[in-house]
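The primary structure of each chain is shown beneath.
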Amino acid sequence: MATAKFFSFACLRNESSNYGELSPKPHYPSMPKYPKGVSVSTDEEKSIHGTESKAVFSVNGMSCSACAGSVEKAIKRLPGIKEAVVDVLNNKAQVIFYSTFVDEEMIRETIKDVGFETTLITEGTNEKTSQVCRIRIKGMTCTSCSTTVESALQLIPGVQKAQVALATEEAEIQYDPRILTYSQLLKAIEDTGFEAILISTGEDRSKILLKVDGVFTEDSMRIIESSLRALSGIEDIDIDPELKKLSISYKSDIIGPRNFIQVIESTGSGEFKAMIFPEGDGKQSHRQEEIEHYRQSFLWSLVFTIPVFLTSMVFMYIPGLKDGLDIKVVNMLSIGEILRWVLSTPVQFIIGRHFYSGSYKALRHGSANMDVLIALGTNAAYFYSVYSVLRAATSPSFKSTDFFETSSMLISFILLGKYLEVLAKGKTSEAIAKLMNLAPETATLLQFDDEGNVVKEEEIDSRLIRKNDVIRILPGAKVACDGFVIWGQSHVNESMITGESRPVAKRKGDTVIGGTVNENGVLHIRATKVGSESALSQIVQLVESAQMAKAPVQKFADRISKYFVPLVIILSFSTWLAWYLSGKYNSYPKSWIPSSIDSFQLALQFGISVMVIACPCALGLATPTAVMVGTGVGASRGVLIKGGQALESAQKVNCIVFDKTGTLTMGKPVVVNTKLFRSMVLREFYELVAAAEVNSEHPLAKAIVEYAKKFREDEENPVWPEAEDFLSITGHGVKAVIHNKKVIVGNKRLMLEQGISVPVDADEVLAEAEELAQTGILVSIDSELIGVVAISDPVKPGAREVVSLLKSMNVESKLVTGDNWGTANAIAKEVGINDVIAEAKPEDKAEKVKELQSLGKVVAMVGDGINDSPALVAADVGMAIGAGTDIAIEAADIVLMKSNLEDVITAIDLSRKTFGRIRLNYFWAFGYNLLGIPIAAGALFPSTRFRLPPWVAGAAMAASSVSVVCSSLLLKNYKRPKKLDNLEIGGITIES
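Below you will find a few notes about this structure. Quantities reported herein were computed from a predicted structural model and do not represent experimental measurements.

A few words on the pattern of salt bridges. When charged atoms on two side chains of opposite charge get close, those side chains can pair. In the structure shown here, the tally under the stated rule is 30 salt bridges. Between Lys506 and Glu494 there is a salt bridge, with its nearest N and O atoms 3.0 Å apart. Taken together, the residues Lys506 in strand β20 (residues 504-506) and Glu494 in the loop between β19 (490-493) and α15 (495-498) connect sequence positions twelve residues apart. Judged on exposure class, the residue Lys506 and its partner Glu494 are both buried. In this structure, Asp909 engages Lys913 in a salt bridge whose closest nitrogen and oxygen atoms are separated by 3.3 Å. Of this pair, Asp909 and Lys913 both sit in helix α31 (residues 902-936), four residues apart, roughly one helical turn. Accessibility expressed as a relative area gives 11% for Asp909, which makes it buried. Given a relative accessible area of 41%, Lys913 falls into the partly exposed group. Three or more residues joined by partner-sharing salt bridges are found here, namely Glu812, Lys814, Asp835, Lys848, Glu851 and Lys857.

The antiparallel open sheet is built from six strands, whose spatial order is β16-β15-β17-β23-β18-β21. The two strands at the open ends of the sheet, each matched to only one other strand, are β16 (454-461) and β21 (511-512). Sheet topology places strand β15 (residues 442-448) next to β16; seven bridges connect them, and they run antiparallel. In the strand pairing of β16, Leu446 is matched with Glu457.

A few words on the packing of aromatic side chains. Going through the model one piece at a time under the given rule, you end up with 26 aromatic pairs. Ring centres 4.6 Å apart and planes at 25° place the aromatic pair Trp579 and Phe606 in the stacked group. Residue Trp579 is located in helix α17 (residues 552-584), and its partner Phe606 is located in helix α18 (residues 599-613); the two are separated by 27 residues in the primary sequence. For Phe606, a relative accessible area of 2% gives the class buried. Taken together, a centroid distance of 5.7 Å and an interplanar angle of 90° make the contact between Tyr580 and Phe600 edge-to-face. Taken as a pair, Tyr580 in helix α17 and Phe600 in helix α18 lie far apart in primary sequence, 20 residues in all. Grouping aromatic residues by their ring pairs yields a cluster made of Tyr384, Tyr387, Phe403, Phe573, Trp576, Tyr580 and Phe600.

Bringing the sheet that holds strand β24 (residues 639-641) into the picture now. Pairing within the open sheet is mixed, and its seven strands lie in the order β24-β36-β35-β34-β25-β32-β33. Edge positions in the sheet fall to β24 and β33 (835-837), since each has one partner strand and no second. Each neighbouring strand pair of the sheet contributes to a mean axis angle of 20°, computed without reference to strand direction. For strand β35 (residues 877-881) and strand β36 (residues 894-896), the ladder comprises three bridges, and the chain directions are parallel. Note on β36: the bridge partner recorded for Met879 is Ile894.

Looking at the secondary structure, you find Ala622 in helix α19 (residues 616-636). C-alpha of Ala622 to C-alpha of Gln554: the two residues are 68 residues apart in sequence and 8.3 Å apart in space. Each residue touching Ala622, except ones within four places of it in the same chain, is listed here: Ile918, Asn921, Tyr922, Val964 and Ser968.

Helical geometry note: an α-helix holds 3.6 residues per turn, so side chains three or four residues apart project in the same direction. In this model, α19 (21 residues) spans 31 Å end to end at C-alpha, consistent with the 30 Å of a helix rising 1.5 Å per residue. A bend of about 35° at Ala622 is the largest found in α19, and the proline Pro624 appears one to four places after it. Across the 21 residues of α19, 20 count as buried, placing the element largely inside the fold. Positive backbone phi, approximately 80°, marks Gly638, located one or two places after α19.

The rules behind each value
- Residues numbered from 1 in each chain as written.
- Predicted model: local features only at pLDDT ≥ 70, side-chain atom pairs only at ≥ 80, totals over all residues.
- Heavy atoms only, no water.
- Salt bridge = Lys/Arg side-chain N within 4 Å of Asp/Glu carboxyl O.
- Helix = DSSP H or I, 4+ residues; strand = E, 2+ residues; numbered from the N terminus.
- Buried < 20%, exposed > 50% of the residue type's maximum accessible area, 1.4 Å probe, protein only.
- Pairing = 2+ DSSP bridges.
- Phe/Tyr/Trp six-rings, centres within 6.5 Å; stacked < 30°, edge-to-face > 60°.
- Axes fitted to C-alpha atoms, helices over the stretch in contact; angles between N-to-C directions.
- Contact = heavy atoms within 4.5 Å.
- Expected span 1.5 Å × (residues − 1).
- Bend = angle between axes of the 7 residues up to and from the residue.

As structure tokens, this is what we get:
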């Protein structure tokens, strides 16, 4: 499973609870808490099993769903375990157990026996045991560099997980803040020879940078600092007097940036003005700096290299110029040689100093990278040339042949290649840049009087918005933050976030997403999530984390990179030695040697060519650049893929298990029929049923309560009678005492267990409902069956067509649901699925997934509810419908934001196309090295007299990296399958 931060869409939420689809769910920490007296277990269970306890364990070392599955199985084998849920994303295991049979220490030892380090997380403690920080690393050139840094980080005590991505030049480190700090991590990276810049600390505090104008002395800054420190919620303040910059760390639930600005501007006599520091996106500015650095280096190298090239390869064939360059200065030393020496030296040691520093850093830590190859190759050419001209200067007869043009042209071409490479790499992360630019720069803040009238409008920086602020959104303006509408109605274009092309109607009470565009009406919204908590920020964080996560296929390239450079150095030396000895002992005709050089120089050119043509960079960039572009393309189409592993697994999927409610169906059940078996006023009937069901969060319960409101239309928010002795029977229904009447609402099994007879009439109504794909809910009052409520959850438009298209892609479809067999079979028949499992508990769904995996199938699970989470984790690929619960979204590998089933096909197809591109990249990277190295070594020379000059080999090496990145960029032209473009859903043609 790909590691990702908790991903929350408050605006796309769909709660799920007691029934599942009349199925149980695991008890997650975030489950709804019931009123006092509410219980989810019977007194009989308590008397038999003893006290029910809950424990949460930190489990380090889990890397995929298989790890989580093995831990979960081991725990469940213990006696007295009621429920065990393992969260591979957050490295946690939650266990509900009966203390009579087992204790925390036994569970901890069991997890340890499986092979994972674990510690008990004590409830109530506020001390964090895990924190994630992100660091930008400057100076990495190839996979060897990233592997060196990653290995160094993983050796530090307290580091739980470390990932270093060459393509993004970033590290994501999960560590224990009780053992080490992020400063130690920065130092560890710098000790490996690379520059480290902190991006985020992962601490539970907010941070903002403010610029203060009007400050002329240090005393003024101290006065401002004192005023700010007096505020509650301030944690730390750093001052940069030179830039007049304040860095303020604070608790966002207590105080916010607007308070800081007000305090600063009210300090003194009002001469101070504060604003958010005008600082661009760090990643983009770093990328621009890198591009500019390589551009300037390349242009300066041309200033010196072009004259070197002209004097060595052009002017030597022009009469007059040749004679001038051949004029001897000292003995056999000519003017041309002195010019080439003088001009190539700045290229070698000043412009090319980066390659020396990179080589030194790599060799100091016992590794070798691309810089080592370049430094060795250019030094061999340069210093042989120096030796040659010095010998000519001291000898009256020695005629020198220099290779100054080789070293300077090599460095110039490599700098050109690096410039083009960073230019192309910048385009791979355009998806994130576009997402970040969706947020508007300013927002209109409204202030109200006690009667709710607007008394003031103020335009503020959108980053200054706080929770519960009321913001006005004008037609055509962007929504400034996540929130809900409190006044007005309009249509909002959400395509930039969800990929949904049609504007969505919004009225009072509806949620809106920051970054979307208001179409035609004025809206007043109350802010609920701002800053890093917003849906937009979390999408960006998820995509960034996805681009950090390595695909398993990349490990192969990482292993090769460890031995690649040393092997090339050995091959280069062997090539030189073989050609040198062959020439010395006349193993080939003298006519093979060009007139301008001797056998030693010929051998040296072959050796240098081998050294500089080999390219480890192309291997290192083949996977991450394709993953970056693929995940970015997915995000722009409403398909959030959590990293390389999810992509790699999704492209292998040949079996999909669908949940029913909210996945194949709309997830918004409605009451369609009510059958009473005794005379009773319908309003009174629904009064009792709603009073019992209002305590439940299950979609079916909500549907009943919503329907009951129709009988009390005179009340906007009806208050239902109090339910006493409320009891939720997981997977079956609820019971309570209302107005001294014992009310039970649930399925047939619950009625029989409670000793309530189900008449033939009721059975017939249930059978009829099941045939119509409806769910029948039985209601008994005072131990007598009173009625049946039929609830329908219509199938999503296009579900049948999607199942059919999956079949054409050689992907089987199966249905697993907690609902009854009759309804499950009716839905399955309607969408074209033959294999059905009904009345399944959450653990049954997970077991079904594992059973399919044991048959050799690569399984994807598509679900939306809390009770789908175990199956989502167990599957090779978990796909969460975007409108589902936070826990389902967190447990999944892929999030379908539009909640459209067609995106299941898009996700699989995009994964296949991305991995097709990765294979092509590796084919090119390996093929280039396997073909280029023998040619550079002179394999064609005996038969064709063709040899690859070192500067041409260097140009080819630079071109290989650029070509791999450009190949990945072609994924930006991805088009979803044409069959989806022609898919008609409910009479509407779906357009791409």
